[in-house]
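Structural description and commentary
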Amino acid sequence: MAPIETEKVEHTEVASIDKGKPPPYGHLTFLAQAAATEHALTPLQAMRTYWRAFFWCLFMCIGALLWGYDAQVGGGLLSVPQFRTDFGYISEGQPILPASWQSAFNSVSSIGGMFGGLSLGWISDRLGRRGAVAIACGVSIVGVLIQFLTPKHANGMLLVGKLINGFALGMYVSCAGGYCAEVSPLALRGITTAAVNLWIDRKSTFMSNGVIRGTGNRTDVYAYRLPFALQWIFPVILLIGLPFAPESPWWLVRKGRYEDAEKVLAHLGGPTIDAKLQRQQIQETIELEDSYAATATYADCFRGENLKRTIVAMMVFVLQQGAGVVFVLGFSTYFFELAGFATNNAFNLGVGVTAIGVVGNLLTFYTVNRFGRRFIFNWGMVGCTIILLLIGFIWIGSANQNAKWAVSAFTIIYNFVYQTSIGPLGYVIFAEVSSAKLRSKTVGIGIWTNSLCGMIANIVIPYLVNPDEADLGGYVGFIFGGLAFAGTIWAYFFIPETRGRTVDELDLLYEKRVPARHFATYSLYDGDGDRM
């Protein structure tokens, strides 16, 4: 096996766009020269030079905000009296929503998102990243329209609308991560991909909470129609801006549109960058990947070294759910109420927890490049594991008021730890770890996994926690603490360090079968000639 690997590396070293001609940078190939240029940029320098790229990445994340808004506002509507009256039944003078229908209402968007994420690979490879977002916008507008026009007690129609909109949401999030990874320079790649989590979990939470507070006390159909209608804002903004947004230069090069790719690169980086060199870097990386596999199908995501990369893209989201994010954060208000806070104060404290999460996510914009992806993700898993086990142990004395206060405090600490580590880093790693030719398909598979795990967690955890079911309360911390401990061990062996690695360098590291825990220290220069 070793001789085969050496042959691949030697072929890569002499690769050049001008076949048969000596590379123009001495002993360096175009890949190495471009990599050297990217490695030399600090995040602050990259922000000044590539501010347009940073702006357009944030713009494409608007769709991710809609994913979070849909989930948060859906859960909020279940507590709105008019919504419960119009889609439930009256029992002993109180409006009741059947538990089975609540589960369907909470999970149907995730089902749509699973199929939307998987469809992205096929759609974006044919229509481009902008084209895929435009399709998602059209689907979302239709899905929201169905929800808005749903008459009273037409529960099935409402679910259909959420299912259709969920399809668009899966496309939005998949495209946001892939677009940020392809448009951002190396120094900003971790920041822009981490921003996807910020838009999903934090900004959407603030917005949905404000909407429910503003409309939830209405006594007409607009108590829930207005929250649905506000979702139209996002696809409309995206459709207005898409004609001006640059297409992914990676997609343009793969389609043979080299001049268009250079124009996009020049626009993103301004007059000080070498757009031709960057285009050649993209082209040679694509040629390098084509030398490993000639096709780019969904089946290829599960073949050879790509299987490892796909598993990582899936597992970061499995580990998020295994680390108990739905259990701790989804039931934070419940724990606050047990601690003695009034319902309104518990809700307000929940909003405060969200604000702490925003601070944590913003802190990641610095730490992701300072400490690296693997370091932050793995220590985040360790931190979440410890907190979950502590919640379980403290719950043994849950009859004690101090114990309830302690659980509430650890809920806040957990949120900060999660939002500074595995929350945003999951979106960074899953977008970076795939090969360029399979990125749209790999991120789609990742979002499929995210949707599936989130749906399962939202169905199962209420049965574990609720007093009328298993009534385990904080003891569920033992369950997720055990899962998180197992996940921590897995992460140590298989989560790679992608900080400071260009796409072609990651390709070489996987093809050379370098253990994931050695990615950060492995030298590609000695013998392979491309690490500087």
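Further up the page is the structure itself.
Note that this is a predicted model, so its numbers are computed, not measured.

**Observations regarding a nonpolar patch on the surface**
Judged by side-chain polarity, Phe-485, Ile-489, Tyr-492, Phe-493 and Phe-494 come together as a nonpolar surface patch covering roughly 520 Å² of accessible area. You can see Phe-485 is positioned in helix α23 (residues 476–494).

**Notes on the pattern of salt bridges**
Tallying each qualifying case throughout the model produces 17 salt bridges. As a salt-bridge pair, Lys-162 and Asp-70 come within 3.3 Å of each other at their nearest N and O atoms. Pair noted here: Lys-162 is in helix α8 (residues 155–183) and Asp-70 is in helix α5 (residues 62–77), with a separation of 92 residues, a long-range link. Owing to a relative accessible area of 2%, Lys-162 belongs among the buried residues under this scheme. Here Asp-70 falls in the buried class, since its relative accessible area comes to 4%. Glu-262 is the salt-bridge partner of Arg-279, the closest N and O atoms lying 3.0 Å from each other. Placement of Arg-279 in helix α14 (residues 275–292) and of Glu-262 in helix α13 (residues 258–269) is noted, with a sequence separation of 17 residues between them. Residue Arg-279 is classed as buried on the basis of its relative accessible area of 10%.

**Side note on the side chain of Ser-107**
The topology assignment puts Ser-107 in helix α7 (residues 99–149). In this structure Ser-107 comes out as buried when scored by relative accessible area, which is 9%.

**Things to note about α14**
The first and last C-alpha atoms of α14 sit 26 Å apart over 18 residues, in line with the 26 Å expected at 1.5 Å per residue. Where α14 begins, the capping side chain belongs to Asp-274, and its oxygen is found 3.3 Å from the backbone nitrogen of Lys-276.

**Quick word on the nonpolar core**
Core analysis: the biggest nonpolar cluster contains 130 residues, and Phe-83, Phe-377, Tyr-414 and Phe-430 have the highest contact counts within it. By residue number, the principal contributor to this core is α8, which donates 13 residues. In contact with Phe-430, other than residues within four places in its own chain, are Ala-313, Val-316, Phe-317, Val-443, Gly-446 and Ile-447.

**With respect to the side chain of Glu-497**
Here Glu-497 shows up in the loop between α23 and α24 (503–511). Put simply, Glu-497 is tucked away with no salt bridge, and the nearest opposite charge, on Arg-499, sits 4.6 Å away. In terms of polar contacts, Glu-497 uses its side chain to reach the backbone amide nitrogen of Arg-373, at 3.0 Å. Among the polar contacts made by the side chain of Glu-497, one reaches the main-chain amide nitrogen of Arg-499 at a distance of 2.8 Å.

Criteria and cut-off values
Residues numbered from 1 in each chain as written. Predicted model: local features only at pLDDT ≥ 70, side-chain atom pairs only at ≥ 80, totals over all residues. Heavy atoms only, no water. Patch = residues over 30% accessible without salt bridge, like charges linked within 9 Å, V, L, I, M, F, W, Y side chains within 5 Å. Areas by Shrake-Rupley, 256 points an atom, 1.4 Å probe, with all protein chains shown as cover. Salt bridge = Lys/Arg side-chain N within 4 Å of Asp/Glu carboxyl O. Helix = DSSP H or I, 4+ residues; strand = E, 2+ residues; numbered from the N terminus. Buried < 20%, exposed > 50% of the residue type's maximum accessible area, 1.4 Å probe, protein only. Expected span 1.5 Å × (residues − 1). Polar contact = N/O pair within 3.5 Å; in protein donor to acceptor, adjacent residues only side chain to side chain. Core = buried A, V, L, I, M, F, W, Y, C linked by side-chain atoms within 4.5 Å. Contact = heavy atoms within 4.5 Å. Lys, Arg positive; Asp, Glu negative; His and termini not counted.

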